[in-house]
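Take a look at the letters that make up each chain.
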Amino acid sequence: MGRPKNLRGFFEIIKDKATISKEIIISKLPNNTSSLNLAILRATSSEQSSTPPHENQIISILSFGHSSRNTASSCIESLMNRLHHTHNSYVSTKCLIIIHNIIKRGSFILQDQLSIYPSNGGKNYLNLSNFRDNSDQETWELSSLVRWYARILESLLLTSRVLGFFLSSEFKGPDSDYFLYYKSDKHKRDGDEEHEKEKVSALLNEELLKEIEVVVGLIEEISKASELLNLKQSKLVCQVMNLVSEDFYSAQKRIVIRLNEVKERMSNFSFGESVEFNCVMKRLKNCEEKVLFLFLNHKWIGFWDLVDELMREKIGTEKDGGRSVMVMSRKGRSSESARYDQRDLRLDDFRFSSGRFDLNRVQSGLRFLNI
């Protein structure tokens with residue numbers, strides 16, 4: 001799999017070698033960015049196509065994030081140019097692996113430059129939805145992995161905008177060296193988790209539901225990996241799947257914290273918020289069979305039991321002075337289906353976001369007349 005199977009692949013290897021030789025010569029000149037171009041070319045070479053970028057090559061690229069912002073910007077621009085100007089599925093996959101490592105392990109400056117490139121962002125952030133490599137049957141099949149992997153990274157970038165941090169950069173998986181170190185400091189680990197729980201408890205219902213929805217969207221994309229199981233296994237494909245599995249574990253941890261918060265405050269949900277939450281839970285539940293098949297050795301620790309428990313909560317109507325009031329909300333707006341007997345609307349109370357507070361209502365004397 002590492003050897004070129006056709007004339008096109010052979011010429012791509014020759015072209016890469018010639019470009020690398022040119023960059024080596026230019027990199028010896030002062031005041032240029034060829035050193036980072038050279039690092040990216042070496043890490044994403046079409047030679048040894050089935051082999052993922054070496055750890056030392058990835059570290060070399062990540063090191064440009066510890067310099068100036070201009071250097072970090074040039075690094076991201078060079079990487080994106082490499083990604084968007086190649087039609088080789090192996091090169092594209094290696095570029096995406098490097099982008100993934102920037103999201104997971106890169107410095108703040110490097111992550112920041114990645115998150116704002118291009119400036120308009122958007123759903124099709126990496127612009128690989130139409131990627132095809134029809135060199136042979138194997139590269140054609142690998143193209144589907146490239147498109148799926150790009151959607152995963154796009155979801156990670158979208159999730160980071162909503163949560164306020166890169167979800168996968170917080171990963172402390174059971175097999176990672178960092179986890180072994182972090183696990184030994186139980187006080188710090190528990191402190192970080194409690195800190196996040198406090199942050200989540202301060203969210204408004206609308207904000208909490210938005211965070212759950214965006215993480216569920218990531219899990220939905222990950223679950224689509226079940227459609228790629230017919231791909232020929234290689235070190236490159238295995239590296240992609242290992243990185244994505246870490247994202248899933250991190251997503252599961254984040255969503256459990258938020259689902260437990262929903263459990264605490266569900267009695268304060270309006271009808272519309274309950275409907276919205278139930279729809280998101282159905283989307284998550286639809287992923288269960290696929291992710292169970294993908295992650296056979298993963299300990300779920302009651303994850304799906306929690307999902308089932310929350311889905312069993314019935315959506316009802318609110319009571320106001322003995323009358324049933326159905327409240328529908330969408331994007332922060334609400335309307336009422338039942339008519340009031342009087343023309344005045346009283347704001348008798350305001351609810352805190354979290355239902356875990358004993359005093360969850362604050363009385364107010366405000367009254368709006370003749371609405």
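Residues numbered from 1 in each chain as written. Predicted model: local features only at pLDDT ≥ 70, side-chain atom pairs only at ≥ 80, totals over all residues. Heavy atoms only, no water.

You'll find the protein entered in an unreviewed UniProt entry as Putative clathrin assembly protein At4g40080, with Papaver somniferum given as the organism.

(A) Focus on the overall build of the protein. Regarding its fold elements, the protein presents 14 helices and eight strands. Here the protein holds 371 residues, and the buried ones make up 44% of them. Of the contacts made within the protein by residues no fewer than 6 positions apart, 72% connect residues no fewer than 24 positions apart. (Helix = DSSP H or I, 4+ residues; strand = E, 2+ residues; numbered from the N terminus. Buried < 20%, exposed > 50% of the residue type's maximum accessible area, 1.4 Å probe, protein only. Contact = heavy atoms within 4.5 Å.)

(B) Quick peek at the nonpolar core. Counting residues in hydrophobic clusters, the biggest one holds 84 residues, and the most contacted among them are Leu96, Ile99, Tyr149, Ile212 and Phe277. Beyond its immediate stretch of four places on either side in the chain, Ile212 contacts Ile255, Arg258, Leu259, Val262, Phe277, Val280 and Met281. (Core = buried A, V, L, I, M, F, W, Y, C linked by side-chain atoms within 4.5 Å.)

(C) Broad picture of the confidence of the model for the protein. Per-residue confidence for the protein averages 77 on the pLDDT scale, and 67% of its residues sit at or above 70. Overall, residues 171-188 carries pLDDT values under 50, and its contacts beyond four positions in sequence, including any with other chains, amount to 14 contacts. (pLDDT = per-residue confidence, 0-100.)

(D) Here's a closer look at the packing of helix α3 (residues 55-62) against helix α5 (residues 89-105). Two elements in contact, α3 and α5, have axes separated by 10 Å at closest approach and are oriented at 65 degrees. Along this stretch, α3 crosses α5, giving a crossing that reads as right-handed. From α3, Glu55, Ile58, Ile59, Ile61 and Leu62 reach across to α5, where they touch Ile98, Asn101, Ile102 and Arg105. For the contact of α3 with α5, the class distribution of residues is six nonpolar, one polar and two charged. (Axes fitted to C-alpha atoms, helices over the stretch in contact; angles between N-to-C directions. Left-handed = near helix turned anticlockwise from the far one by under 90°. Nonpolar A, V, L, I, M, F, W, Y, C, P; charged D, E, K, R; others polar.)

(E) Fine view of the pattern of salt bridges. A complete count under the given rule lists 16 salt bridges for this structure. Of the charged contacts, one joins Lys232 and Glu138 as a salt bridge, the two residues approaching to 4.0 Å between their closest N and O atoms. With Lys232 in the loop between α10 (205-223) and α11 (235-265) and Glu138 in helix α7 (residues 137-163), this pair connects stretches of sequence that are 94 residues apart. For Glu309, the salt bridge goes to Lys263, with nearest N and O atoms at 3.1 Å. You can see Glu309 sitting in helix α14 (residues 303-311) and its partner Lys263 sitting in helix α11, a full 46 residues away along the chain. Under the relative-accessibility criterion, Lys263 is labelled partly exposed at 44%. Through salt bridges with shared partners, a single network forms among Glu196, Glu211, Arg254 and Arg258. (Salt bridge = Lys/Arg side-chain N within 4 Å of Asp/Glu carboxyl O.)

(F) Spotlight on the packing of helix α2 (residues 34-43) against α3. The geometry of α2 relative to α3 is characterised by a closest axis approach of 9 Å and an angle of 150 degrees between their N-to-C directions. Of the possible angle classes, the one that applies to α2 and α3 is roughly antiparallel. For α2 against α3, the interelement crossing comes out left-handed. Here Ala39, Ile40, Arg42 and Ala43 of α2 come into contact with α3, specifically with Gln57, Ser60 and Ile61. (Parallel < 35°, antiparallel > 145°, perpendicular 65-115°, else oblique.)

(G) Region of the structure containing the packing of aromatic side chains. The final tally for this structure, using the stated rule, is six aromatic pairs. A centroid spacing of 6.3 Å and a plane angle of 75 degrees characterise the contact between Phe269 and Phe277, whose relative ring orientation is edge-to-face. Members of the aromatic cluster, connected to one another through ring pairs, are Phe248, Tyr249 and Phe295. (Phe/Tyr/Trp six-rings, centres within 6.5 Å; stacked < 30°, edge-to-face > 60°.)

(H) A look at a nonpolar patch on the surface. Taken together, the side chains of Leu229, Phe293 and Leu296 make up a nonpolar region of the molecular surface, amounting to roughly 340 Å² of accessible area. Turning to its location among the elements, Phe293 is positioned in helix α13 (residues 288-294). (Patch = residues over 30% accessible without salt bridge, like charges linked within 9 Å, V, L, I, M, F, W, Y side chains within 5 Å. Areas by Shrake-Rupley, 256 points an atom, 1.4 Å probe, with all protein chains shown as cover.)

(I) Molecular detail of α14. All of the buried residues in α14 are Phe303, Trp304, Leu306, Val307 and Leu310. Projection of α14 onto a plane perpendicular to its axis shows the buried side chains occupying an angular sector of 155 degrees, all on one side. Of the surrounding elements, those touching the buried residues of α14 are α11, α12 (271-285) and α13. (Arc of directions from axis to C-beta.)

(J) Examining unusual backbone geometry more closely. Unusually for a residue other than glycine, Asn127 sits at a positive phi of about 55 degrees. For Asn127, a relative accessible area of 52% corresponds to the exposed category.

(K) Spatial organisation of α5. Over its 17 residues, α5 runs 24 Å from end to end, which matches the ideal 24 Å to within 8%, given 1.5 Å per residue. For α5, a buried count of 16 out of 17 residues is recorded, marking the element as mostly surrounded by other parts of the structure. Sitting at the amino-terminal end of α5 is Asn88, which places a side-chain oxygen 2.8 Å from the backbone nitrogen of Tyr90. (Expected span 1.5 Å × (residues − 1). Polar contact = N/O pair within 3.5 Å; in protein donor to acceptor, adjacent residues only side chain to side chain.)

(L) The arrangement of the environment of Leu36 in detail. Relative to the helices and strands, Leu36 is located in helix α2. With 28 residues separating them along the chain, Leu36 and Phe64 place their C-alpha atoms 7.5 Å apart. The residues contacting Leu36, other than those within four sequence positions of it, are Phe64, Thr71, Ser74, Cys75 and Ser78.

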